[in-house]
Amino acid sequence: MSALFYGKFTKKWKKYLLRNVYFFEGQNIELKMCRWYSLYMEAIPLRRRGVERKMMQKLQRFGGAMFTPVLLFAFSGIILAVAIMFQNTLIVGNIATAGTMWANFWSIVEAGGWTVFNQMELLFVIGLPLGLAKKASGRAALESVVVYMTFNNFVGKILELMGPTFGVDFAQEAGGDSGIKMIAGIKTLDTNLIGAILVAAIVVWLHNRFFETKLPDLNAYDVDAAMKIVEGTARN
């Protein structure tokens, strides 16, 4: 019977029982082992439920953060639908002919409606930190935007210098099937939402991990000594 129960224990529990077997001192060792095993098996579902609960909470937070920029899609879609409809001569008649005041007005409205869809990456880069940052979400959003724009500048310059090496013709116009896109005025590789979400996730993780980390103080005991260190560094 002892061999049976030892076979079901993990190595950790085996070592624990072997170390503490002298506590039993003549008592029924197999009965004690049965009790330990039952407690161990009862704890497994509790741990699993705890892990599942934490995973659900994280997924809900991520879904809420993703939902923030998605809300703008519906509004922009309605604006675009209305603007395009009012430029259709089959619906509103000759008043929508190109060049008229009516057509020009709705053309301007349509251009504004495309803003959200042309800059979707920026919306997710800003929206994810706002929903996932534990503290100072505004600062996390600013960090995410700066890192994402820097990333696009890096990639754009790499493709400009070494585009043929990667099989990319960086001289062609952005858009279409070129695989190149203009993001906030930066010509770069079109990484779509995957690149934006990945960069934002890394920034949020670093922000939550190191936001409250205190840097070491200057090697000085008073303000005058610290000012001398700063002056010496500036002079050098």
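Quick look at the structure, then.

A look at the environment of K134
Moving on, step 1. You can see K134 is positioned in the loop between α7 (120–132) and α8 (137–162).
Moving on, step 2. A residue is classified by how much of its surface remains accessible, and K134, at 64% relative accessible area, is exposed.
Moving on, step 3. Note: C-alpha distance between K134 and F211 (77 residues apart in sequence) is 9.5 Å.
Moving on, step 4. For K134, the contacting residues outside a window of four places in its chain are R61 and N208.

Thoughts on the nonpolar core
Moving on, step 1. Core analysis: the largest hydrophobic core is formed by 9 residues, namely L122, V125, Y148, M149, I183, I186, A196, V199 and V203.
Moving on, step 2. Counting residues per element, the ones that place at least two in this core are α7, α8 and α9 (192–210).
Moving on, step 3. If one sorts the elements of this core by residue count, α9 sits on top with 3 residues.
Moving on, step 4. Excluding anything up to four places from it in sequence, Y148 contacts E121, L122, V125, I183, T191, G195, A196 and V199.
Moving on, step 5. A65, L128, L132 and A200 belong to the second largest nonpolar core, which has 6 residues in total.

Things to note about the layout of surface pockets
Any empty space left between the atoms is revealed when a probe the size of a water molecule rolls over them.
Moving on, step 1. The calculated volume of the largest pocket comes to roughly 380 Å³.
Moving on, step 2. Where the lining of the largest pocket is concerned, the elements lending two or more residues are α3 (29–85) and α9.
Moving on, step 3. The element contributing the most residues to the lining of the largest pocket is α3, with 5 residues.
Moving on, step 4. Residues that form the lining of the largest pocket fall into these classes: 5 nonpolar, 2 polar and 4 charged.

Conventions adopted
- Residues numbered from 1 in each chain as written.
- Predicted model: local features only at pLDDT ≥ 70, side-chain atom pairs only at ≥ 80, totals over all residues.
- Heavy atoms only, no water.
- Helix = DSSP H or I, 4+ residues; strand = E, 2+ residues; numbered from the N terminus.
- Buried < 20%, exposed > 50% of the residue type's maximum accessible area, 1.4 Å probe, protein only.
- Contact = heavy atoms within 4.5 Å.
- Core = buried A, V, L, I, M, F, W, Y, C linked by side-chain atoms within 4.5 Å.
- 1 Å grid on protein atoms, 1.4 Å probe; cavity = no way out; pocket = protein on both sides within 12 Å on 5 of 7 lines; lining within 4 Å.
- Points joined across faces, edges and corners; volume = space filled by probe spheres on them.
- Nonpolar A, V, L, I, M, F, W, Y, C, P; charged D, E, K, R; others polar.

Spatial relationships are all this shows, so hold off on functional conclusions.
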